Amino acid sequence: KQVASGDRNRNIRLWNAADWSQIVEDQWQFHSSSISGLAFSPDSQVLASVSLDQDIFFWSPSKIGARHRVPIAHKGGVHTVLWLNNNEIATGGQD
């Protein structure tokens, strides 16, 4: 199992839940504003991150450098993300 954390400095970190060792430290810093939400897909293959920068990023815990950006998902910032299944998310934002 893995646990993800995000902060106002735009850092996303990935941790091993068994011993709390850090798996990812600085490779996942592509948002330009505070991280406001994180969620793993039900199968734990993808981590979604949302931010006040209006963007959504999708990250692969098994391929640390792999990511996909959805720009300007919500005007004014994205506040929350929830996986509906392994292929769909719901988000809430300022708009």
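Only a predicted model underlies this, so the values are computations on that prediction, with no experimental measurement involved. Per-chain numbering applies: the sequence of each chain, read as written, is numbered from 1 onward. Residues qualify for local features only when their pLDDT is at least 70, as the model is predicted, and side-chain atom pairs are given and counted only at 80 or more; totals for whole chains, interfaces and linings, by contrast, use all residues. Side-chain numbers come from the whole structure's heavy atoms, not from hydrogens or water.

Points about the pattern of salt bridges
Note the following rule: For this analysis, a salt bridge means a side-chain nitrogen from Lys or Arg found within 4 Å of a carboxyl oxygen belonging to Asp or Glu. Each residue is placed in one exposure class: buried if its accessible area under a 1.4 Å probe, protein chains only, is under 20% of its type's maximum, exposed if it is over 50%, and partly exposed if it falls in between.
For the structure shown, the criterion picks out two salt bridges. Asp-7 is paired through a salt bridge with Arg-13; the nearest N and O atoms lie 3.5 Å apart. Take Asp-7: its relative accessible area is 23%, and that puts it in the partly exposed class.

Some thoughts on the packing of aromatic side chains
The description of an aromatic ring pair uses the distance of the two centres, along with the angle that the planes make with each other. Put simply, the rule reads: Two rings from Phe, Tyr or Trp (for Trp, the six-membered ring) form a pair when their centres are within 6.5 Å of each other. A pair whose planes differ by under 30 degrees is stacked, one over 60 is edge-to-face, and the rest are tilted. Distance and angle both matter: a charge sits over a ring if NZ of Lys or CZ of Arg is within 6 Å of the ring centre and within 35 degrees of the ring normal.
This model, assessed by the stated rule, comprises four aromatic pairs. The interplanar angle of 25° and the centroid separation of 5.3 Å between the aromatic rings of Phe-57 and Trp-59 together place this pair among those described as stacked. Trp-59 shares its class with Phe-57; the two are buried. Just above the ring of Phe-30 sits the side chain of Arg-67; from NZ or CZ to the centre is 3.5 Å.

A look at the sheet that holds strand β5 (residues 47-51)
We apply this condition: At least two bridges found by DSSP between two strands are what make those strands a pair. Each helix is a run of DSSP H or I of at least 4 residues and each strand a run of E of at least 2, with the numbering of both proceeding from the N terminus. Axis geometry follows a simple rule: fit a line to the C-alpha atoms, using only the stretch in contact for helices, then measure angles between N-to-C directions, giving values from 0 to 180 degrees.
With antiparallel pairing, the four strands of this open sheet are ordered in space as β4-β5-β6-β7. Whereas interior strands pair on both sides, the edge strands pair on one side only; in this sheet they are β4 (35-40) and β7 (63-70). Within this sheet the neighbouring strands show an average axis-to-axis angle of 20°, counted without direction. Looking at chain direction, β5 and strand β6 (residues 56-60) are connected through four bridges and run antiparallel. Its bridge partner lying in β6, Val-50 is registered against Ile-56.

As for unusual backbone geometry
For Arg-10, which is not glycine, the phi dihedral falls at a positive 75°. In this structure, Trp-20 is a non-glycine residue whose phi angle is positive, near 60°. Relative to the helices and strands, Trp-20 resides in the loop between β2 (12-16) and β3 (22-24). Residue class for Trp-20 comes out exposed when judged on its relative accessible area of 52%.

Shape is all these values report; function is a separate question.
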